[in-house]
2 protein chains.
Amino acid sequence: MSKFDEIMKRSGYSKATVSRVINNSRHVSDEARQKITEIMKQLNYIPNRNAISLSTGQTKQIGIVTSTSNAIILSFMNQFIDTAMDFGFQTLIYTTRGDKDIELKAFEDLRSKRVDGLAIIACVNDPEKLKAYLEYGPIVSWQRMGNNEIPSVAMDQAEGYILALEHLVSKGYTRIANVFGRADSINTQSRRAAYETFMASKGLPVLKEAYQYWVFTSSDGEEAMRKMAKAPELPQAVLCSNDYAAIGILSEARKLHISVPDQLAIVGFDDVELARVLGITTIHNPIAEQATQAFHQLWAVLGRQKVEPEPLTYRLIERETT
Amino acid sequence: MSKFDEIMKRSGYSKATVSRVINNSRHVSDEARQKITEIMKQLNYIPNRNAISLSTGQTKQIGIVTSTSNAIILSFMNQFIDTAMDFGFQTLIYTTRGDKDIELKAFEDLRSKRVDGLAIIACVNDPEKLKAYLEYGPIVSWQRMGNNEIPSVAMDQAEGYILALEHLVSKGYTRIANVFGRADSINTQSRRAAYETFMASKGLPVLKEAYQYWVFTSSDGEEAMRKMAKAPELPQAVLCSNDYAAIGILSEARKLHISVPDQLAIVGFDDVELARVLGITTIHNPIAEQATQAFHQLWAVLGRQKVEPEPLTYRLIERETT
DNA sequence: TTGTAGGCGTTATCAG
DNA sequence: CTGATAACGCCTACAA
């Protein structure tokens, strides 16, 4: 016999009343509440979440989908988990390693009611295919998706990129190289477009031949620096996909005895703690705020309560690499 | 009517047979299996996890408890999540920020059957109190716990520490400072003891006055370096709680124009990617392997199948800071 | 091989 | 304010 039944029996009240006490319903006499509460304590009772979920159809669990996780993604996840917890939700992590089938399992878990909603950090499946899952629960994305059906909390990175470009140009750097992340991502397209139009508008050279893609980690950054060093001419500055790439570039530049920022200026992106420690000029990216907004978007559906998002902005943080 | 019922109806078979097909039972005729499978596809059926969990008493979910999460912890989590997934388990993250009550919620979730087991990365509650939860499901810890009831997959860090000490001494560094993490943790005690006995055995100075505690992040490392620089005499080398502390120390040393390793040698711990990129000598810590073993320990109970753990060892990685 | 009946632990809808 | 009674969706003896 379950503890619930035991409480029923010992108190002499019905299931319904016991349930009401558990859920703090007002429609219970003080007497009943006291008696039942007392017995619950004696029995060290705690409700079974699976029974609750089956009955209510809600699990109070949110899935978060990411292909890999680095420190940048971690800061998003941490904030998301915190916010979710404040609203009474637990978070499950789906790391997909870029595998479509594994990723799909997260979406199937929305269907099978393991989670009430999904936050996507990065995904590899076709957005058109994924949007079919919207009928099973709310989905929000950090990465910008191709279609508009799945809402995104991402900011337009072009804004941040232009901040960096203006900074560099104002300091006299005009031959500016770019080191991008995913070649096909919307963010990369957005940054590249910003760069090209900005440079063109100033009558400055657009170094397309210096574009590098798939540079994410500090190792990637090292590699990128070596490539740059091999080119006939070194650019005066390099804009990086993120701070880790910048760290790698900075570190490798030192090894190659390229003086920063005299021979090469470096600008990172995101403003992680290490960028500060290592003195890297970067663009502050309000990641935590975006994570909070991501949960709020889900909550708008799950809790039927809209939370107005505050507008977020990028900020240039000048340090020693420019 | 649920899809399950719909399948029953359309196929003409009973609940039991439908259930058998879902669970790949052998005791089903090919005819029944085919017919039911066909209908399941038509209906795009997927089982409700809450119903399964309620019925079986298993959620196939594991909780992972950590106070904060940095890149080191992240690598443990990632590997744990991966391994769990290979065994059909999803992982939920409990970040406690060092709050006892929040941490306790994770353990209560074991009681309420939200999770089948728990992996602790770091916890703040009294181990004596926590071990009471062992009756509700398996628990394993990375951090070493005071009692032996909760098994730990941690290695004795003294071994790794001695590797570092031997290396430094062999290179001629004899005035060695230490920068520790949590002052009261078993790891710190273990490292400190290793240092003191090792130095004593070699007849070398034990720099107790140079001990620094609570140094975890690169910011902490910067601060630690500044303190060292203020002391009347600089040590010849410093052993760090982890690589991030080492990064901070290295970075700050450069700012203070202290030449590494000539004036100050630095040894990190863990061997994270950035230690390689930045050329920091360190002790390789098989973190991923420990994470795998952590899940295996839980699996021994949940799956009633023991997986023999392979013995793990530390390794010195010599780079440019020594 | 198949079916019946009961159980898993709650919530929810009605009456009273 | 309280209590039957029926969901919720699936699993599992035990029988047939």
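These numbers come from a predicted model, not from an experiment.

Visitor: Which residues make up the interface of chain B and chain A, and what values do they have?
Guide: Counting residues at the interface gives 56 residues for chain B and 56 residues for chain A. For the pair chain B and chain A, the two sides together bury roughly 4,600 Å², of which 50% comes from carbon and sulfur. When residues of chain B are sorted by the area they lose upon contact with chain A, Asn50, Gln90 and Arg114 of chain B head the list and together hold 13% of the total. Here chain B is connected to chain A by four salt bridges. Across the chain B-chain A interface, the total number found is 25 residue pairs in polar contact (both at pLDDT 80 or more). For the side of chain B that touches chain A, the secondary-structure elements that each account for two or more residues are helix H4 (49–56), helix H5 (71–86), strand S2 (90–95), helix H6 (100–111), helix H10 (218–230), helix H11 (243–255) and helix H12 (273–277) of chain B. For the side of chain B that touches chain A, the element with the most residues is H5 of chain B, which contributes eight residues.

Visitor: Can you explain the protein's contact with DNA strand C? Please cite residues and give values.
Guide: Near DNA strand C you find 27 residues, and of these Phe4, Ser19 and Ser55 of chain A together with Arg20 and Ser29 of chain B are the closest. Near the protein, within 4 Å, the atoms of DNA strand C are sugar or phosphate in 60% of cases. Between DNA strand C and Lys15 of chain A, the relevant distance is 2.9 Å, taken from a base oxygen to a side-chain nitrogen or oxygen of the residue. The separation between a phosphate oxygen of DNA strand C and a polar main-chain atom of Asn48 of chain A is 2.8 Å. At the level of elements, helix H2 (15–22) and helix H4 (49–56) of chain A together with helix H2 (15–22) and H4 of chain B are the ones that each hand at least two residues to the surface near DNA strand C.

Visitor: If you had to explain the protein's contact with DNA strand D to someone new, which residues and values would you point to?
Guide: Near DNA strand D lie 27 residues; those nearest to it are Arg20 of chain A together with Phe4, Lys15, Tyr45 and Ser55 of chain B. When the atoms of DNA strand D within 4 Å of the protein are grouped by moiety, sugar and phosphate amount to 65% of the total. Between Asn48 of chain B and DNA strand D, the recorded distance is 2.9 Å, taken from a backbone N or O atom to a phosphate oxygen. Ser55 of chain B has a polar side-chain atom sitting 2.7 Å from a sugar or linking oxygen of DNA strand D. For the surface near DNA strand D, the secondary-structure elements that each account for two or more residues are H2 and H4 of chain A together with H2 and H4 of chain B. Split by residue class, the surface near DNA strand D holds 12 nonpolar, 12 polar and three charged.

Visitor: Explain the packing of helix H1 (residues 3–11) of chain A against helix H3 (residues 30–43) of chain A to me, using residue names and the numbers behind them.
Guide: Between two packed helices, the angle of one axis relative to the other and the distance separating the axes together describe the packing. Residue and element names in this part refer to chain A. Viewed as axis vectors pointing N to C, H1 and H3 meet at an angle of 135 degrees, and their least axial separation amounts to 10 Å. Taken together, the axis directions place H1 and H3 in an arrangement best described as oblique. With respect to the hand of their crossing, H1 and H3 are arranged in right-handed fashion. Of the residues in H3, those touching H1 at Lys3, Glu6, Ile7, Arg10 and Ser11 are Lys35, Ile36, Ile39, Met40, Gln42 and Leu43. In the contact of H1 with H3, the residues fall into five nonpolar, two polar and four charged.

Visitor: Can you break down the sheet that holds strand S7 (residues 265–267) of chain A residue by residue, with the values?
Guide: All names here are of chain A. Here three strands make up an open sheet; going across it, the order is S5-S6-S7 and the pairing parallel. Of all the strands in the sheet, the pair left with one neighbour each is strand S5 (176–178) and S7. For this sheet the average axis-to-axis angle between neighbouring strands, irrespective of direction, equals 20 degrees. Sheet topology places S5 next to strand S6 (residues 237–239); three bridges connect them, and they run parallel. Bridge assignment links Ala177 to a residue of S6, and that residue is Val238.

Visitor: Quick rundown of H4 of chain A? Include the residues and the values.
Guide: The complete set of buried residues in H4 of chain A reads Arg49, Asn50 and Ser53 of chain A. Buried residues in H4 of chain A, looked at end-on, bunch into an arc of 100 degrees, giving them a common side. Exposed residues on H4 of chain A whose side chains face more than 90 degrees from its buried face are Ser55 and Thr56 of chain A. For H4 of chain A, the secondary structure elements touched by its buried residues are H4 of chain B. The N-cap of H4 of chain A, judged by a side-chain oxygen 2.7 Å from the amide nitrogen of Asn50 of chain A a few residues on, is Asn48 of chain A.

Visitor: Residues and numbers for the relation of the copies chain B and chain A, please.
Guide: Rotating chain B by 180 degrees and moving it 0.1 Å along the rotation axis overlays it on chain A with an RMSD of 0.1 Å. The superposition of one copy onto the other is thereby described by a two-fold rotation axis. Residue Leu92 of chain B of chain B places its C-alpha closer to the rotation axis than any other residue of that unit, at 2.1 Å. Of the interface residues in chain B, 100% have counterparts in chain A that sit at the interface too, so the contact is made through matching surfaces.

Visitor: Talk me through the pattern of salt bridges; I want residue IDs and the actual numbers.
Guide: Counted under the stated rule, the structure contains 30 salt bridges over all chains. When the shortest N-O distance is used, the salt bridge between Arg111 of chain A and Glu108 of chain A registers 3.2 Å. Here Glu108 of chain A and Arg111 of chain A lie together in helix H6 (residues 100–111), a separation of three residues that amounts to about one turn. Here Glu223 of chain B and Arg226 of chain B are joined by a salt bridge, their closest N and O atoms 3.1 Å apart. With a gap of three residues between them, Glu223 of chain B and Arg226 of chain B both fall in helix H10, about one helical turn apart. You can call Arg226 of chain B partly exposed: its relative accessible area is 32%.

Here is what the cut-offs are and how they apply
- Residues numbered from 1 in each chain as written.
- Chains lettered and ligands numbered in written order.
- Predicted model: local features only at pLDDT ≥ 70, side-chain atom pairs only at ≥ 80, totals over all residues.
- Heavy atoms only, no water.
- Contact = heavy atoms within 4.5 Å.
- Buried area = accessible area lost by both parts, 1.4 Å probe.
- Salt bridge = Lys/Arg side-chain N within 4 Å of Asp/Glu carboxyl O.
- Polar contact = N/O pair within 3.5 Å; in protein donor to acceptor, adjacent residues only side chain to side chain.
- Helix = DSSP H or I, 4+ residues; strand = E, 2+ residues; numbered from the N terminus.
- Near = heavy atom within 4 Å.
- Nonpolar A, V, L, I, M, F, W, Y, C, P; charged D, E, K, R; others polar.
- Axes fitted to C-alpha atoms, helices over the stretch in contact; angles between N-to-C directions.
- Parallel < 35°, antiparallel > 145°, perpendicular 65-115°, else oblique.
- Left-handed = near helix turned anticlockwise from the far one by under 90°.
- Pairing = 2+ DSSP bridges.
- Buried < 20%, exposed > 50% of the residue type's maximum accessible area, 1.4 Å probe, protein only.
- Arc of directions from axis to C-beta.
- Least-squares fit on C-alpha atoms with pLDDT ≥ 70 in both.

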